[in-house]
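# Geometric and topological summary
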Amino acid sequence: MRKRKRLFWRLFPSYLLITLLALFAVSWFAQDSLHDFFLEQIASDLEARAHLLEQRVTAYLAPEKEAHIDRICKENGRRSATRITVILPSGKVIGDSEEDPLKMESHLYRPEVIAALDGQTGSAIRHSSTLKQDMMYVAVRVDGDDGPLGIVRVALPLSSTNAQITQLRRTLIIGALV
């Protein structure tokens, strides 16, 4: 009987360590995968919103009609709880749901705008100096007969997603400990 006890105490710590490491690895992978999944879903949703707005603002991207774009951005931004910005190919902001476009700096060198001007769907996550929070931005190019007319950029704050990920991490840690 005494030998059995010693054998148990010799094997138990190593098996416990292996089990804890495996739980840690699975928990880490699960939370990382879910975080990426949430971000991909948000980006996909934002891209769909941008394409819907693209059709709406195309008619107003002529120089004599640009004044209507800011009103469209503010109306749709309020209704959809989305930040909407319309940018000319020069980088000049002509419509924004949160700010006065005349007070905004050029957006020409923002990563999502650069990608959109290249014909891709631009996406970036960064801190918004205007709204003072982390945001996900997605931008799509609006094309006309003679090339790009502008860019529609939409954004959502990541605060709710980050809160969900934090709650998920807590749940995974508690589950692993149990």
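Residues numbered from 1 in each chain as written. Predicted model: local features only at pLDDT ≥ 70, side-chain atom pairs only at ≥ 80, totals over all residues. Heavy atoms only, no water.

In this structure, Leu46, Leu61, Val86, Met136, Val152 and Val154 are the most contacted members of the largest nonpolar core, which totals 23 residues. At the level of elements, helix H1 (2-57), helix H2 (67-80), strand E1 (83-87), strand E4 (133-144) and strand E5 (147-157) are the ones that each hand at least two residues to this core. For this core, the element with the most residues is H1, which contributes 7 residues. Excluding anything up to four places from it in sequence, Met136 contacts Leu39, Ile42, Ala43, Leu46, Ala124, Ile125, Val154, Ala155, Leu156 and Leu158. Judged by nonpolar contacts, the second largest core, of 7 residues, contains Ile87, Met104, Ala116 and Ile151. (Core = buried A, V, L, I, M, F, W, Y, C linked by side-chain atoms within 4.5 Å. Buried < 20%, exposed > 50% of the residue type's maximum accessible area, 1.4 Å probe, protein only. Helix = DSSP H or I, 4+ residues; strand = E, 2+ residues; numbered from the N terminus. Contact = heavy atoms within 4.5 Å.)

Counting across every chain of the model gives 8 salt bridges. Arg83 is paired through a salt bridge with Asp96; the nearest N and O atoms lie 3.2 Å apart. Of this pair, Arg83 sits in strand E1 while Asp96 sits in strand E2 (residues 93-96), placing them 13 residues apart in sequence. For the pair Arg83 and Asp96, one class covers both residues: buried. (Salt bridge = Lys/Arg side-chain N within 4 Å of Asp/Glu carboxyl O.)

On to the environment of Asp96, then. Among the residues examined, Asp96 registers a relative accessible area of 0% and is labelled buried. For Asp96 and Arg83, which are 13 residues apart along the polypeptide, the C-alpha to C-alpha distance reads 7.4 Å. Of the polar contacts made by the side chain of Asp96, one reaches the side chain of Arg83; its length is 3.2 Å. (Polar contact = N/O pair within 3.5 Å; in protein donor to acceptor, adjacent residues only side chain to side chain.)

Attention now goes to the pairing of E1. For E1, the buried fraction is high: 5 of the 5 residues fall into the buried class. Of the two faces of E1, the one holding Arg83, Thr85 and Ile87 and the one holding Ile84 and Val86 are both buried throughout. Strand direction decides the pairing type here: E1 and E5, joined by 5 bridges, are antiparallel. When the bridges of E5 are listed, Ile87 appears paired with Ile151. Taken together, the 3 bridges between E1 and E2 define a ladder with antiparallel strand orientation. Bridge pairing links Thr85 to Asp96 in E2. In textbook terms, the turn of a hairpin is the stretch between consecutive antiparallel strands, and for E1 and E2 this stretch comprises 5 residues, one of which, Gly91, has a positive phi near 100°. (Pairing = 2+ DSSP bridges.)

The next point concerns unusual backbone geometry. We note that Ala81 has phi near 55°; this positive angle belongs to a residue other than glycine. Of note, Ala81 is situated in the loop between H2 and E1.

Taken residue by residue, the protein gives an average pLDDT of 85. The fraction at 70 or more is 97%. Here helix H4 (residues 159-177) is the element of the protein with the lowest mean pLDDT, 79, and E1 is the one with the highest, 93. (pLDDT = per-residue confidence, 0-100.)

Another point: the sheet that holds E5. Pairing is antiparallel in the open sheet, where 5 strands are placed in the order E2-E1-E5-E4-E3. The open sheet has two edge strands, E2 and strand E3 (122-128), and neither has a second partner. Ignoring which end each strand starts from, the neighbouring axes of this sheet average 25° apart. Inspection of the sheet shows E3 paired to E4 by 7 bridges, in the antiparallel sense. By the bridge assignment for E4, Ile125 is matched with Met136. (Axes fitted to C-alpha atoms, helices over the stretch in contact; angles between N-to-C directions.)

Mapped onto the secondary structure, His107 falls in the loop between E2 and helix H3 (111-117). Exposure remark for His107: the relative accessible area of 3% places this residue in the buried category. In this view, His107 contacts Ile87, Gly91, Val93, Val113 and Arg153; residues no more than four positions away in its chain are not counted.

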